[in-house]
Amino acid sequence: MIEKMMIWSVLSRTLQFLNVCAIYYVVQLGKCAMLSAVVLAVILLARKSLFRQTVFLKGELWLLLVPVLFIGKLRFFYETRMGVRLFLWWDQLCMRQPWLCWLYLAGIFVSAWRLWSRQRRMDALVSAMAKREVAGTQVYVDPLPVTPFTTGLFRPRIVLPQLFLEQCTQEEMELVLLHEKLHIRSGHLAALFLWDVGRVVLWPVLSPAFLMGLLQEDLEEMCDKSVLRQSGTGRAAYGNLLLKSILLLQEADGASFHAPAAFTGDLAYRRIEARIQKILRYRPYKRGLARLSGLTAVVTTIGVVGLVGSLSYARCNPMDGVTLWDLDTVECIVEDDTLLDEVVHYDDHCVYVDTGALREVVDVDAYEGHEVVFVFGGFYKLPGIGGCCDGAYINMRELTGGQAEGICQIPYERVFDLWAWVFARI
């Protein structure tokens with residue numbers, strides 16, 4: 001019987017730990033998702049208005065979403081009137097309804113599994129393809145009529161359809177390869193990886209496929225402009241290569257319309273038309289200025305992430321104050337932990353209470369005979385989410401002992417809580 005009770009106690013404590021972890025993470029991610037919706041709206045509006053004609057700045061706008069992934073622990077949410085009014089309801093909802101937290105986490109697991117499975121299948125398909133050197137570059141040859149693409153964040157691999165090797169000239173193949181190489185050099189693979197991370201953890205906002213299509217569209221436009229700048233190819237020749245690629249894939253597939261040669265996948269006809277029109281409107285740009293713009297955007301993003309960290313709660317925040325609770329009514333007698341700073345002191349074995357000073361803070365006569373506990377120590381991850389507090393228990397009558405003044409010494413035992421220790425470090 002005792003063993004069953006111990007097992008049940010361990011299971012209950014484990015479930016409590018898991019629930020607290022779910023609440024802790026979803027409280028943060030929910031706020032990130034809410035603000036990401038606002039940032040995303042700004043990006044979509046800006047790319048269609050102010051930055052419509054500025055190719056590189058329009059693509060760099062998407063970096064605004066990166067700091068949003070780190071804002072979940074901002075002090076703003078708890079220490080400002082606006083933050084409390086706008087976001088405290090989410091903390092309270094998660095604490096009252098833990099199943100919502102598990103539902104959010106389930107969405108994360110499903111999204112991550114789908115992306116991981118898709119990438120695993122892609123890696124297996126690419127690994128099975130024949131290797132070939134084209135224009136001094138090793139590529140993987142797909143016998144199917146697929147669009148050229150690059151895959152692999154840490155080990156990028158360029159995939160070309162066999163059809164292109166047979167039907168395209170040497171100069172055309174060099175342009176296709178340059179297009180793919182520029183995606184790698186420009187960090188576009190990393191950008192898509194970060195987008196996938198965002199789609200996983202902020203899935204309620206970033207999961208729609210059309211949003212990724214817009215990001216891919218901007219990356220394609222940036223890459224097209226870079227190819228024209230670095231290769232010296234004329235606008236008409238590059239546009240004709242794009243149209244030739246479409247026709248080759250269309251004929252091989254036997255469909256009325258197929259995807260263009262693009263880094264990221266199928267694009268609708270209107271997007272192809274818009275892409276070609278942008279190619280035809282190409283004007284030379286200063287390469288150094290474009291690089292400076294990209295570097296500035298990346299450095300600024302990193303700086304904002306660092307600033308967010310400095311304005312956020314630490315992973316584990318010690319609670320130095322002392323509160324007083326009435327065990328008979330399970331009510332907090334002194335909730336403000338600063339009121340007892342000059343009244344209560346403690347070490348590793350005892351709590352010392354100045355009973356005379358306590359009378360000035362608490363109407364001790366109102367709690368005559370009640371069991372009370374001084375709660376202290378411990379930590380919190382976020383306000384309202386913490387654990388592992390110590391407590392010194394005593395009867396109020398014994399505490400005052402009819403004395404007007406004096407120091408009452410209350411012994412207590414500090415108990416090690418494994419789950420609280422783990423929670424403090426995650």
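Here we summarise the structure given alongside this text.

Right, let's get into the side chain of Lys-73. Its place among the elements puts Lys-73 in the loop between α2 (55–60) and α3 (76–79). This buried residue, Lys-73, is left without a salt bridge; Asp-91 holds the nearest opposite charge, at 13 Å. Apart from residues lying up to four places away in sequence, Lys-73 is in contact with Tyr-24, Gln-28, Ser-312, Tyr-313, Ala-314, Arg-315 and Leu-382.

Taking strand neighbours across the sheet as the criterion, the three strands line up as β5-β11-β12 in an open arrangement whose pairing is antiparallel. Every interior strand has two partners, whereas the edge strands, β5 (317–318) and β12 (385–387), have only one. Examined bridge by bridge, β5 and strand β11 (residues 379–382) share two bridges and lie antiparallel to one another. Of the residues in β11, the one forming a bridge with Pro-318 is Phe-379. On the sheet, helix α16 (residues 418–425) packs against β11 and β12 and is oriented at approximately 45° with respect to β11.

Read from one edge to the other, the open sheet built from four strands follows the order β7-β6-β10-β13, with strand pairing classed as antiparallel. Among the strands making up the open sheet, the edge pair consists of β7 (331–334) and β13 (390–395). With strand direction ignored, the average angle separating the axes of adjacent strands in the sheet is 30°. Across three bridges, the pairing between strand β6 (residues 322–326) and β7 is antiparallel. Of the residues in β7, the one forming a bridge with Trp-325 is Cys-332.

This model, assessed by the stated rule, comprises 14 aromatic pairs. Ring centres of Phe-76 and Phe-77 lie 5.6 Å apart, and the angle between their planes is 65°; this geometry places the pair in the edge-to-face category. A relative accessible area of 32% means that Phe-76 is categorised as partly exposed. On the basis of an interplanar angle of 35° and a centroid distance of 4.4 Å, the ring pair of Tyr-346 and Phe-376 is categorised as tilted. Taken together, the residues Tyr-346 in strand β8 (residues 344–346) and Phe-376 in strand β10 (residues 371–376) connect sequence positions 30 residues apart. Take Phe-376: its relative accessible area is 1%, and that puts it in the buried class. Put simply, the rings of Tyr-24, Tyr-25, Phe-379 and Phe-423 pair up and form one aromatic cluster. Between the NZ or CZ atom of Arg-157 and the centre of the ring of Tyr-140, over which it lies, the distance is 5.6 Å. Here Lys-381 stacks its cationic end above the ring of Phe-423, 5.4 Å away from the centre of that ring.

The next thing to look at is the pattern of salt bridges. This model, assessed by the stated rule, comprises 15 salt bridges. Glu-217 is the salt-bridge partner of Lys-278, the closest N and O atoms lying 3.8 Å from each other. Of the two residues, Lys-278 is situated in helix α12 (residues 269–280) and Glu-217 in helix α10 (residues 209–231); the sequence distance between them amounts to 61 residues. Among the charged side chains, a network of salt bridges with common partners joins Arg-47, Lys-58, Glu-217, Asp-218, Glu-221 and Lys-278.

Taken as a whole, the second largest pocket spans an internal volume of roughly 980 Å³. Along the walls of the second largest pocket sit 35 residues, with Ser-186, Gly-187, His-188, Met-222 and Val-298 positioned nearest its centre. For the lining of the second largest pocket, the secondary structure elements donating two or more residues are α2, α7 (170–185), α8 (188–201), α10 and α13 (287–310). Sorting elements by how many residues they give to the lining of the second largest pocket places α13 first, with nine residues.

The rules we used
- Residues numbered from 1 in each chain as written.
- Predicted model: local features only at pLDDT ≥ 70, side-chain atom pairs only at ≥ 80, totals over all residues.
- Heavy atoms only, no water.
- Helix = DSSP H or I, 4+ residues; strand = E, 2+ residues; numbered from the N terminus.
- Buried < 20%, exposed > 50% of the residue type's maximum accessible area, 1.4 Å probe, protein only.
- Lys, Arg positive; Asp, Glu negative; His and termini not counted.
- Salt bridge = Lys/Arg side-chain N within 4 Å of Asp/Glu carboxyl O.
- Contact = heavy atoms within 4.5 Å.
- Pairing = 2+ DSSP bridges.
- Axes fitted to C-alpha atoms, helices over the stretch in contact; angles between N-to-C directions.
- Phe/Tyr/Trp six-rings, centres within 6.5 Å; stacked < 30°, edge-to-face > 60°.
- Lys NZ or Arg CZ within 6 Å of the ring centre and 35° of its normal.
- 1 Å grid on protein atoms, 1.4 Å probe; cavity = no way out; pocket = protein on both sides within 12 Å on 5 of 7 lines; lining within 4 Å.
- Points joined across faces, edges and corners; volume = space filled by probe spheres on them.

From the geometry alone we can't say anything about function, so treat these as descriptive.
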